[in-house]
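Overview (structure and organization)
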Amino acid sequence: MRTDEALPARRGVIHDRNGAILATTVDLRSLYAIPALIPDLDAAAADLAVLLGRDPAELQARLGSGAEWLFLARRLPEETARAVEALALPGLGFRLEPKRLYPNDGIAAHVLGFVSDDGLGQYGVEGWYDTLLRGVDGRLVAERDPAARELAMGLREARPPRDGADLVLTIDLAIQTAAERELRAALERESATAGTIVVVDPLDGAVLAIASVPSYHPAGVAVADPETLRDRAIAWSYEPGSTMKAVTVAAGIEAGVVDRTTEYEDLGYADIGGRRLHNALGRAWGPTTLTEILERSANAGAVMVGAKLGPELLHEYLLRFGFGAPTGVDLAGEIGAQVRPLAEWYPVDVGTAAFGQGLTATPLQLAMAYAALANGGTLYRPYVVAAWRDADGEHRAAPLPVRRVVSEDTAAQLRAMLTSAVDEGLANRAALQAFSVAGKTGTAQIPSPDGRYVDDEYISSFAGFFPASDPRFVAVVIIERPESRLLGTLTAMDAFKGLAQDVLRYARVQPDRSP
Amino acid sequence: MIATLPLRRVGPARRSAARARPAATRRRGRSTVRERKANLTWEVRSFASASAAIALGFVLALLYLSQTTAISAGGYELQRLQAERDEVARQSALLEVRLAQLDSPARIEADATRIGLVRVSHVLVVPAEKLAIRR
């Protein structure tokens, strides 16, 4: 007899930057039965129920359903398949079926994405690089004997499959695991249900870790809540709040409207566009320098810089730092968040945008903006796939600088000011013993559907980089609706600090300060 | 094609008649014998050739059959070996997955916690420069 069958291509393996397997496809054995060949259906059902962890009555019903041939269990774990095989029951057999396996369970689930039952990659890397990973199926036309064995002397026309490419990610499994651990601990402490941590390499935009909660197990997507599939680092936006002040101050210095010696009298509020915008808790700081704006997280100071910049320049710098447009990261499902067109700005928007309200950003956008400050002023396109290997060899992804957003001098000044914000300011809780840290806290209000803000609920965040003297890592921590409300930034800083300690030790970074 | 000629029997009466015949006749008779001998040789040769051809055909058929059987058996063996290779590769892939599971930092951390290990609260950093100066 002649058969015409597809030869499925092997889906590519996904590795982390050190070669650890993050996702791979393995053929697992599916158990089928031909009930007519089973001498004692009840006994067989009882034996199988123990091994498969199923109800014997259900198996009996299936075996007695009258079907000539049926699957009893699909893609069994190998140990279970071996145990069933050892029963040596007549009328049972195995057929191999491919299954995507994720050895680290739910770690990096949002980066990886998943593969649907029909073999299509969805979300994350699996979705973005689906064509590359999937390969091209082959085809085999062959003559076979009654036992379905291919005849050596028979007709044979074969087009071999082209296997999918193996991907090497920029993700570091150790850093990813640390980020997920710190995020879960922070959310548990704050009884919060959602949050994000993003870690990037400021020198080239490589994404080292993305932790997003709520999460899911890539192998159990069928039962996952759809909201858990959303990667909050790229497909969720929020008003970044005070973390945006670093961008405003950088824009002011770069545009030449302020410098580090600029001082103003902080009254606890600033009037702009006919509105009065207050500092947090209405506190008046008195004479305040530019550095102290970041140390004290003074809204009035950010409004002062924004007003000096004017709407056009502030808007332009927001866009130059990458806000309002997708970063272009190679992950499926990214959104651009929103910076409204200048024509739609009200006069007060200059003030609110200066301290991160009235616009939205994704955590990854914020991380990349801080990466630009950390690396000397260049905005990079973040990327997740460092290389891929196929039949033609290895292909490496080149880092892509998007544009210079501020000069090296401005970036150096911001690094110093943000370091001071940690050493001397409200962000002191993020300080490390033997390393310099630069960063800024953020407490954002949550817009409600009626155009106002939700009462007494916040999004706490911390964005920073370390070591500040020679930045190697940028991290953004976000906690949605922390139980401690305005004090949620403390938990965000704890998470940042715990992560930074682990990462610096793991990366064997030399301390830049005396302990 | 095998040609056959009828064999003639030579009786005693004919032999005496031949003795009575003159020398020319006897010479003619000898040449006839030679022809007969030649005819006989040709017949034997034809028979032998035919037999050899049959035998050769038989041997070739046997050879062909044995070769075909060997190729078929080889084909089955090849498929068996390919299946064995695929199974070994599958087992290898499963072991790689198992190795990755065991190497997973999350699993190691969970196991460490389970046996009572805790994270260090403080990491002591020893500056290398000071040590170098002391030396």
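The text that follows walks through the structure, step by step, so that each part is easy to find.

**Describing the pairing of strand S15 (residues 275–278) of chain A**
Looking along a regular strand, one sees side chains alternate from face to face of the sheet. All names here are of chain A. Bridge count for strand S14 (residues 269–272) against S15 is 4 bridges, and the pairing is antiparallel. Of the residues in S15, the one forming a bridge with isoleucine 272 is arginine 275. In textbook terms, the turn of a hairpin is the stretch between consecutive antiparallel strands, and for S14 and S15 this stretch comprises 2 residues, one of which, glycine 273, has a positive phi near 55°.

**What about the pattern of salt bridges?**
Residues and elements named next belong to chain A. If you walk through the whole model with that rule in mind, you get 42 salt bridges over all chains. Two residues, arginine 181 and glutamate 182, come together in a salt bridge whose shortest N-O distance is 3.2 Å. Glutamate 182 carries the same exposure label as arginine 181, and that label is buried. Notably, a salt bridge pairs arginine 481 with glutamate 457, separated by 2.6 Å at the nearest N-O pair. Here arginine 481 is found in the loop between strand S23 (473–480) and helix H14 (488–506), whereas its partner glutamate 457 is found in strand S22 (residues 453–466), with 24 residues between them in sequence. Residue classification places arginine 481 among the partly exposed residues on the basis of a relative accessible area of 40%.

**Some details on the packing of aromatic side chains**
This structure, assessed with the given rule, holds 8 aromatic pairs over all chains. Ring centres of phenylalanine 466 of chain A and phenylalanine 496 of chain A lie 5.5 Å apart, and the angle between their planes is 90°; this geometry places the pair in the edge-to-face category. Here phenylalanine 466 of chain A is found in strand S22, whereas its partner phenylalanine 496 of chain A is found in helix H14, with 30 residues between them in sequence. Grouping residues by exposure puts phenylalanine 466 of chain A and phenylalanine 496 of chain A together as buried. An aromatic cluster is built from Phe462, Phe466, Phe473 and Phe496 of chain A, whose rings are joined through pairwise contacts. The lysine or arginine in question, arginine 29 of chain A, covers the ring of phenylalanine 94 of chain A, its NZ or CZ lying 4.8 Å from the ring centre. A cation over a ring is seen here: arginine 149 of chain A above tyrosine 76 of chain B, with NZ or CZ 3.8 Å from the ring centre.

**Brief notes about the packing of helix H1 (residues 41–52) of chain A against helix H3 (residues 78–87) of chain A**
All names here are of chain A. Contact geometry of H1 with H3 gives a least axis separation of 10 Å together with a crossing angle of 160°. The angle between H1 and H3 falls in the class roughly antiparallel. The handedness of the crossing between H1 and H3 comes out as right-handed. Contacts between H1 and H3 pair Asp47, Leu48, Leu51 and Leu52 from the former with Thr80, Ala83, Val84 and Leu87 from the latter. In terms of residue class, the contact of H1 with H3 is built from 6 nonpolar, 1 polar and 1 charged.

Calculation criteria
- Sequence order as written defines residue numbering, which begins from 1 separately in each chain.
- To read the labels, note that chains go from A and ligands from 1, taken in the order they are written.
- Two thresholds apply to this predicted model, a pLDDT of at least 70 for residue-level local features and 80 or more for giving and counting side-chain atom pairs, whereas whole-chain, interface and lining totals are computed over all residues.
- Remark: hydrogens and water are excluded; side-chain values derive from all non-hydrogen atoms of the structure.
- Pairs of strands are assigned from DSSP output, requiring at least two bridges between the strands.
- Helix and strand assignments come from DSSP, with helices taken as H or I runs of at least 4 residues and strands as E runs of at least 2, each series counted from the N terminus.
- Here, a salt bridge means any side-chain nitrogen of Lys or Arg that lies within 4 Å of a carboxyl oxygen of Asp or Glu.
- Only protein chains enter the accessibility calculation, which uses a 1.4 Å probe; a residue is then buried when its area is under 20% of its type maximum, exposed when over 50%, and partly exposed in between.
- Only Phe, Tyr and Trp rings take part, Trp by its six-membered ring, and two of them pair if their centres are within 6.5 Å. Stacked means planes under 30 degrees apart, edge-to-face means over 60, and tilted covers everything else.
- Remark: a charge is flagged as sitting over a ring if the NZ atom of Lys or the CZ atom of Arg is within 6 Å of the ring centre and within 35 degrees of the ring normal.
- As a rule, the C-alpha atoms of each element are fitted with a line to give its axis, helices using only the stretch in contact, and angles between N-to-C directions run from 0 to 180 degrees.
- Between 65 and 115 degrees an angle is taken as roughly perpendicular, under 35 as roughly parallel, over 145 as roughly antiparallel, and anywhere else as oblique.
- By definition, any crossing whose near helix is turned counterclockwise from its far helix by less than a right angle is left-handed, and any crossing with a clockwise turn is right-handed.
- Contacts are assigned to residue pairs that have any heavy atoms within 4.5 Å of one another.
- Side-chain classes follow a simple rule in which Ala, Val, Leu, Ile, Met, Phe, Trp, Tyr, Cys and Pro form the nonpolar group, Asp, Glu, Lys and Arg form the charged group, and the remainder, Gly included, forms the polar group.

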